[in-house]
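Observations on the model geometry
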Amino acid sequence: VNYTVAPANDVRVRRALRDGFDLDGIVKSVYLGTVRRAYSNIGPDNADYDASLNGSWGNKIAEANKLLDDAGWTQRDSDGFRTREGKRLSIEVGYPQPYVRDSRDVLIRALQSALRQNIGLDLGLRITTAGDFANQKATGNWSIYPNTDNPSDVAMELWDMLGDQGFLYNAIKSPDATIVDDINRARLLPVGEERRKLLGKIQARAVDQAFIVPLFAPAYHLAAKSNVHGIGFEPQLDGPASSYDLWVEPQTK
């Protein structure tokens, strides 16, 4: 979530967005039990995953409504969406067409419906082009970007998604100083308990402030015959490695 752009620059709006729907039920419905709902943007099987986040947020409809009331979004328009001073409470998800996969557009539409019904928030979904999103990112003019980023190094993932020079926030003028400083410090620390605690602190702040709204933990699978060797995943990417190291063992007849 771009937390520097209204209305998501209000933490109350972001937390209402985070907690205004039953994520467990939606993920089970869309993916039929094949993936797990997420509590952090770090995968639950990673050694640096902050397990204390489990069960800590989500599906708090009454609290989400109170947050929006406190933020002044107390009126409703003819479609049932919350308004303030005549403006609808609306946040747009801009999704580049080349990256729409894994039924994520279906997932977002399910969130749309739930947020409208539960808290009166208008979550827009606009399928755009890669070029359009590149322009938005270059100027910092984006609201929500649905993304999966799976480097095995947690500090690298956090830097990429939330760091001031990473993929998403490099054009944002004033990113959260606390999380930026912690991420930059974590990247310099050696593997160990101090680094793990700091990474947990960063994950907790990202979720507490609703800078991110984790949805599900994707699972990637590869299949090959037993005589195919050299298969692996890139440590900094969310997909299989290139075919450069693949080799096939001849099969005897």
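Residues numbered from 1 in each chain as written. Predicted model: local features only at pLDDT ≥ 70, side-chain atom pairs only at ≥ 80, totals over all residues. Heavy atoms only, no water.

1. Let's talk about the overall build of the protein chain
Just so we agree on the cut-off: Helix and strand definitions follow DSSP, with helices as H or I runs of at least four residues and strands as E runs of at least two, each counted in order from the N terminus. As defined in this context, the radius of gyration uses C-alpha atoms, and a globule is described by 2.2 Å times the residue total to the power 0.38. When accessible area is computed with a 1.4 Å probe and restricted to protein chains, residues below 20% of their type maximum are described as buried, those above 50% as exposed, and intermediate ones as partly exposed. Computed by Shrake-Rupley with a 1.4 Å probe, the accessible areas treat only the displayed protein chains as cover when residues are assessed. Charged-residue counts in this description rest on Lys and Arg as positive and Asp and Glu as negative, His and the chain ends being excluded. Charge coordinates come from a single atom per side chain, which is NZ of Lys, CZ of Arg, CG of Asp or CD of Glu.
Counting its secondary structure elements, the protein chain contains eight helices and nine strands. For 253 residues, the compact-globule estimate of 2.2 N^0.38 gives 18 Å, and the protein chain sits close to it at 20 Å. Taking the principal axes of the C-alpha coordinates as reference, the protein chain spans close to 75 × 40 × 35 Å. Across the 253 residues of the protein chain, 42% fall into the buried class. Carbon and sulfur atoms form 49% of the exposed surface of the protein chain, whose accessible area is close to 13300 Å². Looking at charge distribution, the protein chain has the averaged site of its 30 positive side-chain charges lying 3 Å from that of its 33 negative ones.

2. Describing helix H3 (residues 61–70)
As a reminder of what qualifies: What the arc covers is the set of directions going from the helix axis to the C-beta atoms. In what follows, a contact means two residues having at least one pair of non-hydrogen atoms within 4.5 Å.
Residues of H3 that are buried: Ala 64, Asn 65 and Leu 68. In a view along the axis of H3, the buried residues occupy a sector of 100 degrees, so they form one face of it. Facing away from the buried side of H3, by more than 90 degrees, are the exposed residues Ala 62 and Lys 66. As for H3, its buried residues are in contact with helix H1 (11–19), strand E2 (75–76), strand E3 (82–84) and helix H4 (104–119). The positive-phi residue at the C-terminal boundary of H3 is Gly 72, with phi of around 95 degrees.

3. Thoughts on the packing of aromatic side chains
Stated precisely, the cut-off is as follows: Only Phe, Tyr and Trp rings are paired, with Trp represented by its six-membered ring, and only when their centres lie within 6.5 Å; those with planes under 30 degrees apart are stacked, over 60 edge-to-face, the remainder tilted.
A complete count under the given rule lists eight aromatic pairs for this structure. Aromatic pair Trp 142 and Tyr 169: ring centres 5.5 Å apart, planes at 70 degrees, arrangement edge-to-face. On the criterion of sequence distance, the pair formed by Trp 142 in the loop between helix H5 (130–139) and helix H6 (154–162) and Tyr 169 in the loop between H6 and helix H7 (177–188) is long-range, its members being 27 residues apart. With relative accessibility at 4%, the residue Trp 142 sits in the buried group. Since its relative accessible area comes to 1%, Tyr 169 is described here as buried. Of the aromatic side chains, those joined through ring pairs into one cluster are Tyr 3, Trp 142, Tyr 169 and Phe 211.

4. Some details on the sheet that holds strand E4 (residues 87–88)
Strand pairing in a sheet relies on backbone hydrogen bonds, with the paired strands running either antiparallel or parallel. Heads up, the rule is: Strand pairing is assigned whenever DSSP detects at least two bridges linking the two strands.
Read across the open sheet, the three strands follow the order E2-E3-E4; overall the sheet is antiparallel. Looking along the sheet, the strands with just one partner apiece sit at the ends: E2 and E4. Pairing of E2 with E3, which is carried by two bridges, proceeds in the antiparallel orientation. Residue pairing in the sheet places Gln 75 in a bridge with Thr 83 of E3.

5. Describing the environment of Pro 7
Mapped onto the fold, Pro 7 is located in the segment before H1. The sequence separation of Pro 7 and Glu 85 amounts to 78 residues, and the corresponding C-alpha distance is 13 Å. If sequence neighbours within four positions are ignored, Pro 7 has contacts with Val 13, Trp 73, Leu 89, Ser 90 and Ile 91.

6. Section: the packing of helix H2 (residues 23–31) against H4
Inclusion rule: A fitted line through C-alpha atoms serves as each axis, taken over the contacting stretch for helices, and the angle formed by two N-to-C directions is quoted from 0 to 180°. The hand of a helix crossing depends on one turn: near helix anticlockwise from the far one by less than a right angle means left-handed, and clockwise means right-handed. For this classification, the nonpolar set comprises Ala, Val, Leu, Ile, Met, Phe, Trp, Tyr, Cys and Pro, the charged set comprises Asp, Glu, Lys and Arg, and every other residue, Gly included, is treated as polar.
H4 packs onto H2 with a crossing angle of 145 degrees between their chain directions and a minimal axis gap of 10 Å. Seen from above, H2 lies across H4 with right-handed handedness. Between H2 and H4, the residues in contact are Ile 26, Val 30 and Tyr 31 and Arg 104, Val 106, Leu 107, Ala 110, Leu 111 and Ala 114, respectively. Class assignment for the residues of the contact of H2 with H4 results in eight nonpolar, no polar and one charged.

7. What to know about the pairing of strand E6 (residues 122–128)
Every other side chain in a regular strand lies on the same face of the sheet, so the side chains alternate between the two faces. We apply this condition: The crossover handedness rule: strands pointing away from the viewer, path from first strand over the helix to second strand clockwise, crossover right-handed.
When strand E5 (residues 90–96) meets E6, the two strands line up parallel, connected through seven bridges. Among the inter-strand pairings, Val 93 is bridged to a residue of E6, identified as Leu 125. Each parallel crossover has a hand, and the one from E5 via H4 to E6 is right-handed.

8. Structural notes on the environment of Ala 71
Tracing the sequence through the fold places Ala 71 in the loop between H3 and E2. Classification of Ala 71 by relative accessible area gives buried; the value is 6%. C-alpha of Ala 71 to C-alpha of Arg 12: the two residues are 59 residues apart in sequence and 6.6 Å apart in space. Sequence-distant contacts of Ala 71, defined by excluding residues within four places in its chain, comprise Asp 10, Arg 12 and Arg 84.

9. Observations concerning the nonpolar core
Rules: Residue types Ala, Val, Leu, Ile, Met, Phe, Trp, Tyr and Cys, when buried and joined through side-chain atoms within 4.5 Å, form a set referred to as a nonpolar core.
The biggest cluster of nonpolar side chains holds 59 residues, and the ones touching the most others in it are Leu 17, Phe 21, Leu 123, Leu 158, Leu 162, Ile 179 and Ile 202. Setting aside chain neighbours within four positions, we find Leu 158 in contact with Asn 41, Ile 42, Gly 163, Ile 183, Leu 199, Ile 202 and Gln 203.

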